[in-house]
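Residues per chain, in single letters:
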Amino acid sequence: MSLTAKLLLGMLLCCFPLQVLAWDWHIKVTLSLNDQPLLVACQLLEKNYGIHFSYSRDVVDLSHRITLDVRNKPLKKVLELLFEPYDIVSSRIGNQIVLTMKSKPLRTVSGYVEDARTGEKLIGATVYCPAQRAGTVTNQYGFYSITLKKDTSSLYTSYIGYTPQRYKLPATGNRQIAMGLQPTNSLQEIVVTENMKEHLQEQTQMSKVNIPVTEIEAVPRLLGEADVMRTLQSLPGVTAGADGSGGMSVRGGSPDQNLILLDGTPVFNSEHVFGIFSVFNPDIIKNADLYKGAFPARYGGRLSSIVDVSMKDGDMKNYHGEVSISTIAAKFMIEGPLWKNKTSFILSGRRSYLDLLMDDAVKSVLKLGENGDFYAFFYDANARINHIFSPKDRLYLSAFGGEDALIISQDHDYETTDAPDQRRYREQSSFKLGWGNLTGTLRWNHVFNQRLFSNVTFNYSQYFFLTHYHYNFKSYTIDEHSQLYGRYTSRIQNAVGKIDFDYRPRPSHAVKFGVASTTHIFKPGTFFFEDDSAMPSLPDTSYNNFNTVGVDMVLYGEDDWQLTPNLHLNAGLHAAGFLVEKRFYRSVQPRLGLRYLLPKSWALKAAYTHMYQPIHLLTNNGTNLPTDLWVPSTPKVKPMLSRQFTIGMAKTTEDHQYEFSLEGYYKTMNNVIEYTEYASAFNSAGKKWDDQVIIGKGRSYGTEVLLEKKQGKTKGWLGYTLAWSDRQFAEVNKGKRYPYKYDARHNLELTVIHQFNKNWEISAGWQFSTGKPLTLPVASYEGIQEPSPYDPQLPVPPRVDELGARNQFRTSNIHRLDLSVTYTKKKRLWTKSWNLSLYNAYNQKNPFYYYVKSDPAAKERYLVQKTIFPILPSISYSVKF
Amino acid sequence: MRFIIVYAMGLVMLLAACDKEARLNLPYEGDKIVLNTFLLVDSVAYIRVTKSEPVVSSNGPEFTELVNAQVTILENGQPFSAVHHQVINGRGYFVSDSAIRPGKIYTVTAAATGLTAVTATDSIPAQPEVSGLFAQKTASQLNFTLKDPGNVINYYRIHIYAADSTDGAIRPLSRIEYRLDPSFNNNFADIISDSYYQDLVVKDERISGKSIVFVLQTSKPVTYKYMIAEVVGLTEQGYRYLKSLDDQQDNQEEDNILAQPVKVYSNVANGYGIVAGMYAKRITCKVKE
């Protein structure tokens, strides 16, 4: 080889490597592809620019087809355009580009689940990924967030009353998916595919019952009114006073230990007509949850139960309304969009009308005079506006108000001149008795990102009781006149500001945490008087006029943690501080829950929770009344504390038709109070109310069994409770434990709802309970009223009955059958429906109370039981459009 | 306030309530001595000793008197007076020989064969300071002034009598029914339910230390010539007994749906009944024409 040739070869050899190293990230490339696989792109780059790609065919998939047209763009940019959408990472190793898959094993899907027709957000809907056996439920605002492995292809969403839906997920990326579900025609047989729903056994939460609104409206009604609280009373673990009156007792707790929330705002007295009906109009309710134990960390402030009622959002797309009239009340509801898909509103109202009908009859029976008046009614009204600012921000504003009132006024003009009465005066008097609630709520949902949801709430709630009288008297004969005015009011007000976060960092953790501050203002029983008489005689114009302010601060956190696929732990902590009159009470309450999945779809669950209540309800020992007063803790009466341990088993059958749960609980309550035996009922709670009460403790334990069928033509539930609950006060029954007034050993409830066809539906409910405790007299003796036997007015000495030990007897067993039939007819523009209900169908005489009756003729005395509700048919008619 | 709720519930529950005899066996605590007396200043003591009975008794309205009981009265711990048994208006009483004196503490005991002996103690309250009784013919109101001492808790009982003058002395004829202004006893419902009473007990909660004009509304216009107002000072024990007795009597009425069982107060150890001191003051006036 000549020297020239050697030089040329040398240059060639030298140049070769340079040619190999001739490309870098910045070289400009031109590439043009039309629906061709990535593989072709790689081959073109290699051919034109000498860039060699190295990858493993098993891991990296280059078959994706792309269309691309770039001219003179930097290589790095072009590679990004090609590979980024498919999560392929290109990196330079030596002289080659090595392709690997991006290691992003997780992705989060979030969004809202709503009713496809109306946009109503669905609470507690299940979003489930069967392949990974992971799922979640939507929160109070219909929001869900689920973090999964990326190679998930679809999610299933389901909710009672709606057709389950499957959503195919896009191949990659975090996604916000709004899921719209279609309500089912409940006659369709739902073909449930395998593993579509998160089963009861897969939820860690126990002691919780959810009542679908459709069931509240389908069960038999009292006097034509469907009622959520009455329906809750037909569940195991929940007892009520006689015929539903007098408050609700959950697992041996007293009625003031239930926290009743309407859209997150506490309602202090949820009863109309002394407990016969609740203040919640079912037309406006979307969801009602009852927690009897295993309380999540975000709830606090009461010992025994949480009833979380959510109002409907309002139809975002169309206008709807409903008008109905029942045996005692008339109501309406109207909802619709103010701005389609952005703003919706819902408005409802209800008023009882019997007083308007019976006005004249009552006036003559009570002798109210020509200008007299009589009103006895209850009403409630709800309003709500929702506004969606953006997919990340929503605002809700709602208000609720209601009242029970009795107004009587008389007007008499006496001109009698007949002896001996000789009345000649004009007398006018009016009297009002009323109680009611007022609440307002403002909430703002903000979605920070796929994993973090927040809600800021401001709410206000008030319960008041008021009675007042006016009295005018003027004599025609002499200068004598009277003008009196008196008023008694009691009130409790609450103002809350809080922020809650919902955070789903990874599939095995669902974290909730938040902060809240509540200001309570107690005004327990103020009197106010005015006297413009000829001879005024007022001891004072105002009495007990003071307010007490208490501030509650709460910090909570909980994590639903999947330790292993079979073992879930829900660990939470609720820390609360209560500041009142320079005293500070604090508590740290653990909230622990555990769920272990056993073979054959059984789950074993256990929970341990502490609950704390710094405010008390002063009530007499007989029954709960609107005059009961809310008071804060004092140095003598400390906040109540309960500890509850629950253990149970749950299962949903394979065909998803039946849900079964068996739970046992043991609960202790400290610092419960009641009036001493001699304290007069309805004492206004003056500054020293705590001198009139005694402090003790309570205990309850038992077992609850619930079998539910939530789907199909026939739905319903069967519940059985075996429970004990007692109280212990040093001053009662010589300090021995005695049965609590709501203690009923056995309770059996059966409710069945059957839909024949699209027009006819029937339902029946049967309840049985063994007797409740009763205090009865154990001796009789002579009383005395006058000191001297020579008194001209000496009456026959009264007979006094000596009461025995508290609650040592039992009433007779109580049972009752209720029936109802509903006929619905769908017309072109509207749907009408008739409901005929029969309360106490076989006229069982259940005791409301007992008393001793004297029969002087037969010289006999005997115990009599009084029943107030015999068989009661009722009818209601409603029109929906 | 109780009456308001009872009234309201009664109105609202115009549904047909029905009664049924209950098949519950009421037990009996056993026979005990019942000791009843109100010790009124300047009067001898009339002590009634009877025996208790089962609740569902068929003995009729009268209780068995323990005629052979041994009854003693002590004044400030010392023997006070002998008692002798006397039948007055068909009923038997143990009557003391001496009159009750103000400012003392009395202990009464009763024992009978076969039954546990009982005892009870009470003091004598202060005499109420009332004056200035006034009423006018055809009026529906009358008034008097009561001055309440502020340092103790006082309890009062009010009776009003229509009276006539015979032999220069004003004697009571019959009791007049009246009601108090609701600002005194918080019984708002009286106004609307047209309730009048022959006998009311009042605690000095609202009037402690004050001199107040009590204006009473009568059920019928004033037509009589004279009037007597008797204000009786009560002790705490007497007040509790009379108030709880009144509450229990209200519960006996069939339509009282509240029917919370009421425990009648008793200060008799090992038995039932009440021993309470009373001090009455009567003021009179001629009704203005």
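Residues numbered from 1 in each chain as written. Chains lettered and ligands numbered in written order. Predicted model: local features only at pLDDT ≥ 70, side-chain atom pairs only at ≥ 80, totals over all residues. Heavy atoms only, no water.

## Some remarks on the overall build of chain B
Step number 1: The helix and strand inventory of chain B stands at four helices and 18 strands.
Step number 2: Buried positions account for 55% of the 289 residues belonging to chain B.
Step number 3: For chain B, the proportion of contacts with a sequence separation of at least 24, taken over those separated by at least 6, is 66%.
Step number 4: Surface summary for chain B: the accessible area is close to 11,700 Å², and the carbon and sulfur share equals 48%. (Helix = DSSP H or I, 4+ residues; strand = E, 2+ residues; numbered from the N terminus. Buried < 20%, exposed > 50% of the residue type's maximum accessible area, 1.4 Å probe, protein only. Contact = heavy atoms within 4.5 Å. Areas by Shrake-Rupley, 256 points an atom, 1.4 Å probe, with all protein chains shown as cover.)

## Concerning the side chain of Ser876 of chain A
Residues and elements named next belong to chain A.
Step number 1: Note that Ser876 resides in strand β54 (residues 872-880).
Step number 2: In terms of polar contacts, Ser876 uses its side chain to reach the side chain of Arg221, at 3.2 Å.
Step number 3: Apart from residues lying up to four places away in sequence, Ser876 is in contact with Arg221, Gly224, Ile325, Ser326, Ser833, Trp834 and Asn835. (Polar contact = N/O pair within 3.5 Å; in protein donor to acceptor, adjacent residues only side chain to side chain.)

## Observations regarding the interface of chain A and chain B
Step number 1: Residue-level contacts link 100 residues of chain A with 109 residues of chain B.
Step number 2: Carbon and sulfur atoms make up 62% of the surface buried where chain A meets chain B, a total of about 9,600 Å² over both sides.
Step number 3: Our count for the contact surface shared by chain A and chain B stands at six salt bridges.
Step number 4: Between Lys263 of chain B and Glu802 of chain A there is a salt bridge whose closest N-O contact spans 3.9 Å.
Step number 5: There are 14 residue pairs in polar contact (both at pLDDT 80 or more) connecting chain A and chain B. (Buried area = accessible area lost by both parts, 1.4 Å probe. Salt bridge = Lys/Arg side-chain N within 4 Å of Asp/Glu carboxyl O.)

## Considering the sheet that holds strand β4 (residues 88-93) of chain A
Residues and elements named next belong to chain A.
Step number 1: The three strands lie next to each other as β2-β5-β4, forming an open sheet whose pairing is mixed. Two strands lie at the open edges of the sheet, namely β2 (52-55) and β4, each paired on one side alone. Each neighbouring strand pair of the sheet contributes to a mean axis angle of 30°, computed without reference to strand direction.
Step number 2: Pairing geometry for β2 and strand β5 (residues 96-101), over four bridges, is parallel. (Pairing = 2+ DSSP bridges. Axes fitted to C-alpha atoms, helices over the stretch in contact; angles between N-to-C directions.)

## A word on the nonpolar core
Residue and element names in this part refer to chain A.
Step number 1: If you look at the biggest cluster of nonpolar residues, it comprises 60 residues, and the most contacted ones within it are Leu222, Phe277 and Leu618.
Step number 2: The element best represented in this core is strand β29 (residues 452-475), accounting for five residues.
Step number 3: Each residue touching Phe277, except ones within four places of it in the same chain, is listed here: Leu222, Leu223, Glu225, Asp227, Ser270, Glu271, His272, Ile328 and Phe378.
Step number 4: Formed by 31 residues, the second largest nonpolar core is a distinct cluster that contains Val213, Ile216, Leu232 and Met333. (Core = buried A, V, L, I, M, F, W, Y, C linked by side-chain atoms within 4.5 Å.)

## Thoughts on the pairing of strand β48 (residues 799-803) of chain A
Residue and element names in this part refer to chain A.
Step number 1: Counting buried residues in β48 gives five out of five residues, a clear majority hidden from the surface.
Step number 2: Side chains Arg799, Asp801 and Leu803 project from β48 onto one buried face, and the interleaved Val800 and Glu802 project onto a second face that is buried too.
Step number 3: Taken together, the five bridges between strand β47 (residues 777-782) and β48 define a ladder with antiparallel strand orientation. In the sheet register, Pro777 faces β48, and the bridge partner there is Leu803.

## Some words on the sheet that holds strand β4 (residues 70-75) of chain B
Residue and element names in this part refer to chain B.
Step number 1: Sheet architecture is open: four strands sit in the order β5-β4-β8-β9, paired in antiparallel fashion. Looking at strand neighbours, the two that pair on one side only are β5 (78-81) and β9 (115-123), the edges of this open sheet. In this sheet, neighbouring strand axes are inclined to one another by 30° on average, regardless of whether the strands run parallel or antiparallel.
Step number 2: Where β4 lies against β5, three bridges are found, and the strand directions are antiparallel.

## Overview of the environment of Ser54 of chain A
Residue and element names in this part refer to chain A.
Step number 1: By secondary structure assignment, the location of Ser54 is in strand β2.
Step number 2: By relative accessible area, which is 27% here, Ser54 ends up partly exposed.
Step number 3: Counting along the chain gives 44 residues from Ser54 to Val98, while the straight-line C-alpha distance between them is 4.8 Å.
Step number 4: Here Ser54 is in contact with Gln96, Ile97, Val98 and Leu99, once residues within four sequence places are set aside.

## Quick notes on a nonpolar patch on the surface
All names here are of chain A.
Step number 1: Together, Val323, Phe332, Ile334, Leu347, Leu829, Trp830 and Phe881 make up a nonpolar patch on the protein surface, roughly 630 Å² of accessible area in all.
Step number 2: Mapped onto the fold, Val323 is located in strand β23 (residues 320-325).
Step number 3: The class for Val323 is partly exposed, based on a relative accessible area of 43%. (Patch = residues over 30% accessible without salt bridge, like charges linked within 9 Å, V, L, I, M, F, W, Y side chains within 5 Å.)

## As for the pattern of salt bridges
Residue and element names in this part refer to chain A.
Step number 1: Following the criterion strictly, the structure yields 46 salt bridges over all chains and no others.
Step number 2: Across the pair Arg350 and Glu225 runs a salt bridge whose closest N-O atoms are separated by 2.7 Å. Residue Arg350 is located in strand β25 (residues 343-352), and its partner Glu225 is located in the loop between α4 (213-218) and α5 (228-232); the two are separated by 125 residues in the primary sequence.
Step number 3: For Arg350, a relative accessible area of 4% puts it in the buried group.
Step number 4: By relative accessible area, which is 3% here, Glu225 ends up buried.
Step number 5: The salt bridge partner of Arg699 is Asp726, with a shortest N-O separation of 2.9 Å. Residue Arg699 is found in strand β41 (residues 693-709), and its partner Asp726 is found in strand β42 (residues 714-729); the two are separated by 27 residues along the sequence. Taken as a pair, Arg699 and Asp726 share a single burial class, namely buried.
Step number 6: Connected via shared salt-bridge partners are Glu120, Asp263, Lys286, Asp313, Arg384 and Arg443.

## Overview of the packing of aromatic side chains
All names here are of chain A.
Step number 1: All told, the structure shown has 37 aromatic pairs over all chains when counted by the stated rule.
Step number 2: Centre to centre, the rings of Tyr425 and Phe473 are 4.7 Å apart; their planes meet at 40°, and the pair counts as tilted. Residue Tyr425 is found in strand β28 (residues 425-449), and its partner Phe473 is found in strand β29; the two are separated by 48 residues along the sequence.
Step number 3: Since its relative accessible area comes to 4%, Tyr425 is described here as buried.
Step number 4: Pairing Tyr485 with Phe528 gives two aromatic rings, centres 6.3 Å apart and planes at 70°, and the pair type is edge-to-face. Taken together, the positions of Tyr485 in strand β30 (residues 481-506) and Phe528 in strand β31 (residues 509-531) put the pair 43 residues apart, joining distant regions of the chain. (Phe/Tyr/Trp six-rings, centres within 6.5 Å; stacked < 30°, edge-to-face > 60°.)

## What to know about the packing of helix α2 (residues 38-49) of chain A against helix α3 (residues 75-83) of chain A
A packed helix pair is summarised by two numbers, namely the angle formed by the two axes and the spacing between the axes.
Residue and element names in this part refer to chain A.
Step number 1: At a minimum axis separation of 11 Å, α2 and α3 run at an interaxial angle of 165°. If you check the angle between α2 and α3, you find them roughly antiparallel. In this structure, the crossing between α2 and α3 has a hand that is left-handed. Of the residues in α3, those touching α2 at Leu38, Ala41, Cys42 and Leu45 are Leu75, Leu79, Leu82 and Phe83.
Step number 2: A class-by-class count of the residues in the contact of α2 with α3 yields eight nonpolar, no polar and no charged. (Parallel < 35°, antiparallel > 145°, perpendicular 65-115°, else oblique. Left-handed = near helix turned anticlockwise from the far one by under 90°. Nonpolar A, V, L, I, M, F, W, Y, C, P; charged D, E, K, R; others polar.)

## Description of α2 of chain A
Residues and elements named next belong to chain A.
Step number 1: Between its first and last C-alpha, α2 extends 16 Å over 12 residues, near the 16 Å set by a 1.5 Å rise per residue.
Step number 2: Burial in α2 covers these residues: Leu38, Ala41, Cys42 and Leu45. The arc that holds the buried residues of α2, viewed along the axis, is 100°, so those residues lie on one side.
Step number 3: Where α2 is buried, its residues contact β1 (28-37), β2, β3 (65-74), α3, β4 and β5.
Step number 4: Just past α2, the residue Gly50 takes up positive phi, approximately 70°. (Expected span 1.5 Å × (residues − 1). Arc of directions from axis to C-beta.)

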